[in-house]
Amino acid sequence: QVQLVESGGGLVQAGGSLRLSCAASGRTFSAYAMGWFRQAPGKEREFVAAISRGGGSTYYTDSVKGRFTISRDNAKNTVYLQMNGLKPGDTAVYYCGADLGLSVSRHPRNYDYWGQGTQVTVSS
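A short tour of the structure in this document, coming up. Note that this is a predicted model, so its numbers are computed, not measured.

1. Side note on the nonpolar core
Turning to step 1, where the next piece is worked out: One finds L4, M34, W36, L81, M83 and Y94 to be the most contacted residues of the largest nonpolar core, which totals 29 residues.
Turning to step 2, where the next piece is worked out: For this core, the secondary-structure elements that each account for two or more residues are β3 (18-25), β4 (33-39), β5 (46-51), β7 (68-73), β8 (78-83), β9 (92-99) and β11 (118-123).
Turning to step 3, where the next piece is worked out: Setting aside anything within four residues of it in sequence, one finds M34 in contact with L4, C22, F29, A49, A50, I51, I70, R72, V79, G97, A98 and Y111.

Okay, here's the thing in structure tokens:
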């Protein structure tokens, strides 16, 4: 079992920044890739960013490239999402997921564990 707890969400004006954290416990953190997803009201959960087990490879959806940065600290069992240049369209509940598969996935169905989510609201 893996437990994931997100934090760092909040209300921010357009152009502002937030840093999300996801703390993991229960299994060896470096054994799984990690991803950030988001879900706006009435929409499906969508991929935002992912990072490989060692942190050497990162992946982003096109709409956040150049604005968001995913990173991880395996010594602290934590993955981060630094979000800069926030836009109202980034408003959603953000979830972190843990993927025990052999490759890094952009698909929510491939993730084995999820946190409870943290709300990010960007005002115009």
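On we go.
2. Let's talk about the state of the cysteines
Turning to step 1, where the next piece is worked out: In the structure shown here, the tally under the stated rule is one disulfide.
Turning to step 2, where the next piece is worked out: At a sulfur-sulfur separation of 1.9 Å, the disulfide partner of C22 is C96. For the disulfide bridge between C22 and C96, the dihedral angle about the S-S bond is near 50 degrees, and by the sign convention the bridge is right-handed. Note that C22 is positioned in strand β3 and C96 in strand β9, a separation of 74 residues in sequence. Both residues of the pair, C22 and C96, count as buried.

3. Some remarks on the side chain of D99
Turning to step 1, where the next piece is worked out: Considering the arrangement of structural elements, one finds D99 in strand β9.
Turning to step 2, where the next piece is worked out: Although D99 is buried, it forms no salt bridge, and the closest oppositely charged side chain is R53 at an N-O distance of 5.4 Å.
Turning to step 3, where the next piece is worked out: Within the structure, the side chain of D99 is placed 2.7 Å from the backbone nitrogen of G101, a separation counted as a polar contact.

4. Quick look at the sheet that holds β3
Turning to step 1, where the next piece is worked out: What the four strands build is an open sheet, ordered β1-β3-β8-β7; its pairing is antiparallel. The sheet is open, and its two edges are formed by β1 (3-7) and β7, each paired on a single side. Put simply, the sheet's adjacent strands are angled 15 degrees from each other on average, direction ignored.
Turning to step 2, where the next piece is worked out: Bridge count between β7 and β8: six bridges; the pairing is antiparallel. Each residue of the ladder has a partner; that of S71, found in β8, is Y80.

5. Quick notes on the pairing of β1
Turning to step 1, where the next piece is worked out: Only one face of β1 is buried: it carries L4 and E6, and the other face, with Q3, V5 and S7, is open.
Turning to step 2, where the next piece is worked out: Examined bridge by bridge, β1 and β3 share five bridges and lie antiparallel to one another. For S7, the partnering residue across the bridge sits in β3 and is S21.

6. Considering the pattern of salt bridges
Turning to step 1, where the next piece is worked out: All chains considered together, the criterion is met by four salt bridges.
Turning to step 2, where the next piece is worked out: Across the pair R38 and E46 runs a salt bridge, and its minimum N-O distance is 2.6 Å.
Turning to step 3, where the next piece is worked out: Residue classification places R38 among the buried positions, given a relative accessible area of 6%.
Turning to step 4, where the next piece is worked out: When its relative accessible area of 38% is taken as the criterion, E46 is described as partly exposed.
Turning to step 5, where the next piece is worked out: We note a salt bridge from D90 to R67, for which the minimum N-O separation is 2.8 Å. Taken as a pair, D90 in the loop between β8 and β9 and R67 in the loop between β6 (58-60) and β7 lie far apart in primary sequence, 23 residues in all.

7. So, the packing of aromatic side chains
Turning to step 1, where the next piece is worked out: Under the definition given, this model contains five aromatic pairs.
Turning to step 2, where the next piece is worked out: Between F37 and F47 the ring centres are 5.7 Å apart and the planes differ by 75 degrees, which places this aromatic pair in the edge-to-face class. On the criterion of sequence distance, the pair formed by F37 in strand β4 and F47 in strand β5 is long-range, its members being 10 residues apart.
Turning to step 3, where the next piece is worked out: Between the aromatic rings of F37 and W114, the centroid separation amounts to 5.1 Å while the plane-to-plane angle is 70 degrees, which identifies the pairing as edge-to-face. Remark: W114 occurs in strand β10 (residues 113-114) and F37 occurs in strand β4; sequence separation between them is 77 residues.
Turning to step 4, where the next piece is worked out: Aromatic ring contacts, followed pair by pair, group F37, F47, Y111 and W114 into a single cluster.
Turning to step 5, where the next piece is worked out: Over the ring of Y80 we find R19; its NZ or CZ atom is 4.0 Å from the centre of that ring.
Turning to step 6, where the next piece is worked out: For the cation-ring pair, R45 lies above W114, with the distance from its terminal atom to the ring centre recorded as 4.6 Å.

Cut-off values and rules
- Residues numbered from 1 in each chain as written.
- Predicted model: local features only at pLDDT ≥ 70, side-chain atom pairs only at ≥ 80, totals over all residues.
- Heavy atoms only, no water.
- Core = buried A, V, L, I, M, F, W, Y, C linked by side-chain atoms within 4.5 Å.
- Buried < 20%, exposed > 50% of the residue type's maximum accessible area, 1.4 Å probe, protein only.
- Helix = DSSP H or I, 4+ residues; strand = E, 2+ residues; numbered from the N terminus.
- Contact = heavy atoms within 4.5 Å.
- Disulfide = S-S within 2.5 Å.
- Lys, Arg positive; Asp, Glu negative; His and termini not counted.
- Salt bridge = Lys/Arg side-chain N within 4 Å of Asp/Glu carboxyl O.
- Polar contact = N/O pair within 3.5 Å; in protein donor to acceptor, adjacent residues only side chain to side chain.
- Pairing = 2+ DSSP bridges.
- Axes fitted to C-alpha atoms, helices over the stretch in contact; angles between N-to-C directions.
- Phe/Tyr/Trp six-rings, centres within 6.5 Å; stacked < 30°, edge-to-face > 60°.
- Lys NZ or Arg CZ within 6 Å of the ring centre and 35° of its normal.

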